[in-house]
Amino acid sequence: MTATRVLVLNSGSSSVKYQLLDMRDSSRLAVGLVERIGEETSGLKHTPLANGGASREQTGPIADHEAALKAVAAELARDGLGLDSPELAAIGHRVVHGGRHFTEPTVIDDTVVAEIERLIPVAPLHNPANLTGIRTARVLRPDLPQVAVFDTAFHTTMPESAARYAIDVRTADEHRIRRYGFHGTSHAYVSRATAHLLGKDPSEVNVIVLHLGNGASASAVRAGRCVDTSMGLTPLEGLVMGTRSGDTDPAVIFHLARVGGMSIDEIDTLLNKKSGLIGLCGDNDMREIRRRIDQGGEDAEQARLAFDIYIHRLRKYIGAYYAVLGRVDAVVFTAGVGENAAPVREAAVAGLEGLGLAVDADRNAVRSGEPRLVSPEGARVAVAVVPTDEELEIATQTYALVESGKSE
Ligand code: AMP
């Protein structure tokens, strides 16, 4: 029997998201989520898509990641999709930070685990959680290939001129301070899918990708390779996000410490969790912000300001990446806001006809889960909406690596 299934694991600090895919046709056999790991009210939601089955939910204490993965394995086994199945080819793990070292998906061994561990100082929130998932999965299936797919890998092609901050080189190198970028799996998938939408090979097109979810980042992709991206050492830099500020003058931090009397941890929380859209207007959900604006009245004012700041930043990045690329074939919107919020797409390119950018109102209003063009017929630069699919990309990269290993 050929093994064609890949289990994708995305382990957060208190959650595990998973999908089981069959790589013969990229179909999903099961998806699920374990939340609030370590609490009394942990929850597991499992949906066996293969058999068209209904979701199963359970609540109750799940002590740690090992217990969580065992619970997931038990749910999968109930559908005949257990981790011991000979059809399972590999497990693909999302790993947030691969530093400069990991430029490609990598089969996990002890050395790889040690290297991901070494990167914890630059990814203190994410890499420990990702590692817990990896360690647990290796214990459960020590014989099975496990692959790490890094959020940073797609951005390792950035030239030094884009990747370096203009700070003292020795200090930067000593502390590994540089721009790494994140959401790379999404940027890779969406830029490639955009080329296909245009009927071209990725090597033939230059694309600006706008990944607008609760976290948000832009990238400039030349001929399939990332040449700049908006997130930096951490996911805090760049666009206005749901709860993150994006770009600020670094001196804001000195000011808050010296004049505002805030601790570094307080400032970290302020900029990562209490800023962006939620800091500006009390809501981080673009649907709610649009509803407030559309309803009008007093409640609309702050929401409108938050929207305007969000759009202003977005337009600055579109302009910047236009200049970085020189020639742009497509601007593509993806993730929760990018895929669903027509007013954001419209405002992002309004008045940019001089750059060849426009949206067609009717096309932009269409709601669909399919990749599509929203620019007018015959536009010089395509404006597109391409739903992202990070799990599929992780599964595809994992499977390709495992299969290529077999033929060597
Ligand atoms: P993501 O991080 O990609 O899951 O995106 C989540 C965000 O997408 C939410 O916080 C919302 O702001 C946004 N979103 C989801 N659906 C819509 C919609 N129909 N209209 C506007 N924004 C949406």
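Looking up the chain in an unreviewed UniProt entry gives the name Acetate kinase, with the organism given as Streptomyces sporangiiformans. Its UniProt record, at the heading Pathway (unreviewed entry), says of the chain: "Metabolic intermediate biosynthesis; acetyl-CoA biosynthesis; acetyl-CoA from acetate: step 1/2." Looking at the Catalytic activity (unreviewed entry) heading of the UniProt record, one finds this comment for the chain: "acetate + ATP = acetyl phosphate + ADP".

**Student:** How should the site of the ligand be read in this particular structure?
**Tutor:** Around the ligand, the structure places Gly213, Asn214, Asn284, Asp285, Met286, Arg287, Ala335, Gly336, Val337, Asn340, Ala341 and Arg367. Contact distances for the ligand include 2.8 Å between an oxygen atom and a backbone N or O atom of methionine 286. Glycine 336 places a main-chain nitrogen or oxygen 2.9 Å from an oxygen atom of the ligand. Against a free-state accessible area of 500 Å², the protein chains account for coverage of 70% of the ligand. Every element with two or more residues in the shell around the ligand is listed here: helix 10 (286-295) and helix 12 (335-340). Considering each element in turn, the shell around the ligand owes the most residues, four residues, to helix 12. A class-by-class count of the residues in the shell around the ligand yields four nonpolar, five polar and three charged.

**Student:** Please explain the sheet that holds strand 2 (residues 16-22) as it appears in this structure.
**Tutor:** Strand pairing in a sheet is mediated by backbone hydrogen bonds. Such pairs are either parallel or antiparallel. One open sheet accounts for eight strands, arranged 5-4-3-2-1-6-8-7; its pairing is mixed. The sheet is open, and its two borders are formed by strand 5 (56-59) and strand 7 (106-107), each paired with just one other strand. Pairing analysis gives seven bridges linking strand 1 (residues 5-11) to strand 2, with the strands arranged antiparallel. Considered in strand 2, the bridge of leucine 9 is made with tyrosine 18.

Cut-off values and rules
Residues numbered from 1 in each chain as written. Predicted model: local features only at pLDDT ≥ 70, side-chain atom pairs only at ≥ 80, totals over all residues. Heavy atoms only, no water. UniProt positions renumbered as here; feature names shortened; annotations may be inferred. Near = heavy atom within 4 Å. Polar contact = N/O pair within 3.5 Å; in protein donor to acceptor, adjacent residues only side chain to side chain. Areas by Shrake-Rupley, 256 points an atom, 1.4 Å probe, with all protein chains shown as cover. Helix = DSSP H or I, 4+ residues; strand = E, 2+ residues; numbered from the N terminus. Nonpolar A, V, L, I, M, F, W, Y, C, P; charged D, E, K, R; others polar. Pairing = 2+ DSSP bridges.

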